[in-house]
Amino acid sequence: MPKTIQKRGNTSTTTVVEGIINNTDNGDSIEQVKRKVVYKLYRWDEIPEWQKDNEHIISGYVRETNSFKGCLHSLFYVHNESGNVYSHLLPGVFFFFTMVLNKYGITIYSTTSIVDYLMIDLFFFGAFCCLILSSLFHCFKSHSLKVATLGNKLDYLGIVILIVTSMISIMYFGFFDNPLFFYFFSSLTFLFGGACATVSLKDHFRSREWRPYRAGLFVAFGLSAILPILAGTFYYGIEETFIRIQLKWIILEGFFYIFGAFLYGVRFPEKYVPGSFDIWGHSHQIFHILVVVAAFCHLRGLLSSYEIVHSRL
Ligand SMILES: [Zn+2]
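Residue positions are counted from 1 within each chain, in the order its sequence is given. With the structure being a predicted model, the display of local features is reserved for residues of pLDDT at least 70 and the display and counting of side-chain atom pairs for 80 or more, all residues being used for whole-chain, interface and lining totals. Hydrogens are left out, water is left out, and the side-chain values use all remaining heavy atoms of the structure.

UniProt positions are given in the numbering used here, feature names are shortened, and annotations may be inferred rather than shown by experiment. Under the Subcellular location (unreviewed entry) heading, UniProt states for the protein: "Membrane". Looking at the Sequence similarities (unreviewed entry) heading of the UniProt record, one finds this comment for the protein: "Belongs to the ADIPOR family."

This is the structure we're talking about:
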């Protein structure tokens, strides 16, 4: 595992990462190996203006590479985006393989149909898209302003895909015997999802003056998840709704998403001890981890909801 050392010169402090310096098995001297694998990381005041986002993260930056190869190379040493890349890359790969292999993982009932698999896979697909697009963004954001902007758009698109697929999959099982509700709320979800995807991707809506409307639309999208729950409560009663969509897991899921977004918004903890969480433990990493925890809560609720439907049929 590469290690980070502080090299303090007379005029500036430069963080240098030296990787694999003990790998001298092939006959290279330590100095030769060092020369091959020295990756320079930069401080806040050494990076271009467009790369500056969080002033409480002072060091550990990969400076504009203008090279996809250079960005990929950054996967192999530790910098301040490593946690953000891997916290979504690894679970993203997990969700992909569970999507492929879930036929061996879920309880099969005599009433289980291809649509059940498709609905569960839909959620796996959404989680995979969100996590992979996010890790790609964090891996390639040091390329250039153009690539970082495109990556940021795709990162938002991934979030929209995850919300849409999460809601549709759980509503399918929750409203299993009520297709009218399922189609109505699915259409509403698609409508909101389409609107949020448009304001995330179109440059016109990404301008500063559109920011409050954009944020408002995302909040409305999130809150729209309450509508099918209210409809279910009205139609089936509170207790039955709790069982049907495994509401305890969905509430927990919502809590982790909102708490993660809150920490990210207030930039906790790095705001209070700038420079102490540059590589590990800053708010964006915590947010990423809580997104994964929330996705697992959804998965748990979704699978229970599926089992309840079929055990009753
Ligand atoms: Zn992120």
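Peer 1: What am I meant to see in the overall build of the protein here?
Peer 2: Summing up its helical and strand segments, the protein has 11 helices and three strands in all. Taking all 313 residues of the protein together, 45% fall into the buried category. Should any heavy atoms of two residues lie within 4.5 Å, those residues are considered in contact. Excluding contacts between residues fewer than 6 apart, the proportion of contacts in the protein whose partners are at least 24 apart in sequence is 64%. Computed by Shrake-Rupley with a 1.4 Å probe, the accessible areas treat only the displayed protein chains as cover when residues are assessed. By element, 67% of the accessible surface of the protein is carried by carbon and sulfur atoms, the whole surface being about 16700 Å². Per the convention used, a helix needs a DSSP run of H or I reaching at least four residues, while a strand needs a run of E reaching at least two, with both numbered from the N terminus. Exposure categories follow from relative accessible area, calculated using a 1.4 Å probe and restricted to protein chains: below 20% of the type maximum is buried, above 50% is exposed, and the middle band is partly exposed.

Peer 1: Can you walk me through the coordination of the zinc ion in this structure?
Peer 2: Geometrically, a metal with four donors at the corners of a regular tetrahedron has ideal angles of 109.5 degrees, and one with six donors at the corners of a regular octahedron has ideal angles of 90 or 180 degrees. Protein coordination at the zinc ion comes from H138 (NE2), H284 (NE2) and H288 (NE2), with a distance range of 2.1 Å. Look at where the donors of the zinc ion fall in the sequence and you get H-x145-H-x3-H. Here H138, found in helix α4 (residues 114-140), pairs with H288, found in helix α11 (residues 283-312); they are 150 residues apart in sequence, far enough to count as distant. A relative accessible area of 2% means that H138 is categorised as buried. Given a relative accessible area of 2%, H288 falls into the buried group. Sites may look incomplete because water is not among the atoms; the donors themselves are N, O and S atoms within 2.8 Å of the metal, or within 3.2 Å for Na, K and Ca.

Peer 1: Explain empty space enclosed by the protein to me, please; I cannot follow it from the model alone.
Peer 2: Gaps left between atoms show up when a probe the size of a water molecule is rolled over them. Only protein atoms enter the 1 Å grid used here. Points where a 1.4 Å probe fits but cannot escape make up a cavity, open sets with protein on both sides within 12 Å along at least five of seven lines make up a pocket, and a residue lines them when an atom lies within 4 Å of a point. Grid points are joined across faces, edges and corners, and a volume is the space filled by probe spheres set on the points. This structure, assessed with the given rule, holds one cavity of 30 Å³ or more. Taken as a whole, the largest cavity holds about 40 Å³ of empty space. Lining the largest cavity are M167, F185, L188, T189, F192, S224 and P228. Lys, Arg, Asp and Glu make up the charged group, whereas Ala, Val, Leu, Ile, Met, Phe, Trp, Tyr, Cys and Pro make up the nonpolar group; the residues left over, Gly among them, are polar. Its residues assigned to classes, the lining of the largest cavity shows five nonpolar, two polar and no charged.

Peer 1: Help me understand the UniProt feature "transmembrane region" (unreviewed entry) in the protein, please; the structure alone is not making it clear to me.
Peer 2: UniProt annotation of "transmembrane region" (unreviewed entry) refers to residues 85-102, 114-136, 156-173, 180-201, 213-237, 249-266 and 286-303 when read in the numbering used here. The straight-line gap between the two end C-alpha atoms of residues 85-102 is 25 Å; of that span, 94% is helix and 0% is strand. For the annotated span residues 213-237, helix accounts for 88% and strand for 0% of the residues, and the straight-line distance between the end C-alpha atoms is 35 Å.

Peer 1: Explanation requested: the packing of aromatic side chains in the structure shown.
Peer 2: The description of an aromatic ring pair uses the distance of the two centres, along with the angle that the planes make with each other. Each Phe, Tyr or Trp ring (for Trp, its six-membered ring) is paired with any other whose centre lies within 6.5 Å, and the angle between the two planes then decides the class: stacked below 30 degrees, edge-to-face above 60, tilted in between. A full pass over the atoms with the stated rule returns 31 aromatic pairs. Both rings, one in F175 and one in F185, keep their centres 6.0 Å apart while their planes meet at 20°; by these two values the pair is stacked. Of this pair, F175 sits in the loop between α5 (145-174) and α6 (179-201) while F185 sits in helix α6, and the two are 10 residues apart along the sequence. No difference in accessibility class separates F175 from F185, as the two residues are buried. With centroids separated by 4.6 Å and ring planes inclined at 85°, the aromatic side chains of F205 and W210 adopt a geometry described as edge-to-face. W210 gets classed as partly exposed once you look at its relative accessible area, which sits at 29%. Three or more aromatic residues link up through ring pairs in this structure, and these residues are Y109, Y172, F173, F176, F182, Y183 and Y306.

Peer 1: Teacher, can you tell me more about the side chain of S74 here?
Peer 2: Along the chain, S74 falls in the loop between α2 (68-73) and α3 (82-101). Residue contacts for S74: discarding those within four places in its chain leaves V62, H79 and C139.

Peer 1: I would appreciate a short explanation of the confidence of the model for the protein in the present structure.
Peer 2: Detail in the predicted coordinates should be disregarded across regions flagged by low pLDDT. Per-residue pLDDT for the protein averages 86, and the proportion of residues at 70 or more is 87%. pLDDT measures how confident the predictor is about each residue, on a scale from 0 to 100. Residue range residues 1-24 is modelled with pLDDT below 50. Its contacts to residues more than four positions away, or to other chains, number 49 contacts.

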